[in-house]
Amino acid sequence: MEPVCTDCGIKFQREPGYFLGSIYFNYGLTALLVIVVYFAIFFGTNLPQPQVLWSLTAVCVLFPIWFFRYARSLWVGMDRYFDRTGNPPQKDDQER
Ligand SMILES: [Zn+2]
């Protein structure tokens, strides 16, 4: 991941552990997805339970890996929206 946005100069990595919060997005959306899909399969089809279990386990592993970068993007967007105390990006921020 780039340390700063090459377009506008926003510093992405503000401090160590900054992107820990993106896990909330990733975990929350994964859990929501699995719950909705599980109930849709449970009430909508007649698939055997072990097949459903292993399929949703695969979703639980693969979806967060795919969604990783989008979760970070959502985290940065939320942080930029709610935390307006930060200084606007400076030109010299790009050199660090
Ligand atoms: Zn940008």
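Cut-offs used in this document
- Residues numbered from 1 in each chain as written.
- Predicted model: local features only at pLDDT ≥ 70, side-chain atom pairs only at ≥ 80, totals over all residues.
- Heavy atoms only, no water.
- Phe/Tyr/Trp six-rings, centres within 6.5 Å; stacked < 30°, edge-to-face > 60°.
- Buried < 20%, exposed > 50% of the residue type's maximum accessible area, 1.4 Å probe, protein only.
- Helix = DSSP H or I, 4+ residues; strand = E, 2+ residues; numbered from the N terminus.
- Donors = N, O, S within 2.8 Å, 3.2 Å for Na, K, Ca; no water.
- 1 Å grid on protein atoms, 1.4 Å probe; cavity = no way out; pocket = protein on both sides within 12 Å on 5 of 7 lines; lining within 4 Å.
- Points joined across faces, edges and corners; volume = space filled by probe spheres on them.
- Nonpolar A, V, L, I, M, F, W, Y, C, P; charged D, E, K, R; others polar.
- Salt bridge = Lys/Arg side-chain N within 4 Å of Asp/Glu carboxyl O.

Student: What's the story with the packing of aromatic side chains in this structure? I'm lost.
Tutor: Given two aromatic rings, one states the distance between the centres and the angle between the planes to describe the pair. Taken as a whole and judged by the stated rule, the model has 13 aromatic pairs. Judged by centre distance (6.1 Å) and plane angle (40°), the ring pair of Trp66 and Phe67 falls under tilted. A relative accessible area of 53% means that Trp66 is categorised as exposed. Judged by its relative accessible area of 9%, Phe67 falls in the buried class. Between Trp66 and Tyr70, the aromatic rings sit 5.2 Å apart at their centres with planes inclined by 45°, giving tilted as the arrangement. Of the two residues, Trp66 and Tyr70 are both situated in helix H2 (residues 49–82); the distance of four residues between them amounts to about one turn of the helix. Under the relative-accessibility criterion, Tyr70 is labelled partly exposed at 40%. Site record: aromatic cluster; members linked through ring pairs are Tyr18, Phe19, Phe25 and Trp75.

Student: Is there a simple way to explain the coordination of the zinc ion in this structure?
Tutor: As a benchmark, a tetrahedral metal site with four donors has ideal angles of 109.5 degrees, while an octahedral site with six donors has ideal angles of 90 or 180 degrees. Ligation of the zinc ion by protein atoms is provided by Cys5 (SG) and Cys8 (SG), these donors lying 2.1 to 2.2 Å from the ion. Taking the relative accessible area as the measure of exposure, Cys5 reaches 17% and is therefore buried. Residue classification places Cys8 among the partly exposed residues on the basis of a relative accessible area of 42%.

Student: Got a minute to help me understand the layout of surface pockets in this structure?
Tutor: A water-sized probe rolled over the atoms picks out the places where empty space is left. Looking at the second largest pocket, its volume works out to about 160 Å³. Looking at the second largest pocket, the residues that line it are Met1, Phe12, Phe68, Arg69, Arg72, Ser73 and Val76. In the lining of the second largest pocket, the residues fall into four nonpolar, one polar and two charged.

Student: Would you mind showing me how to read the pattern of salt bridges here?
Tutor: Opposite charge on two side chains lets them pair, provided their charged atoms get close. In this structure the tally under the stated criterion is one salt bridge. Measuring nitrogen to oxygen at the nearest pair gives 2.7 Å for the salt bridge that ties Arg14 to Asp79. On the criterion of sequence distance, the pair formed by Arg14 in the segment before helix H1 (22–44) and Asp79 in helix H2 is long-range, its members being 65 residues apart. By relative accessible area, which is 13% here, Asp79 ends up buried.

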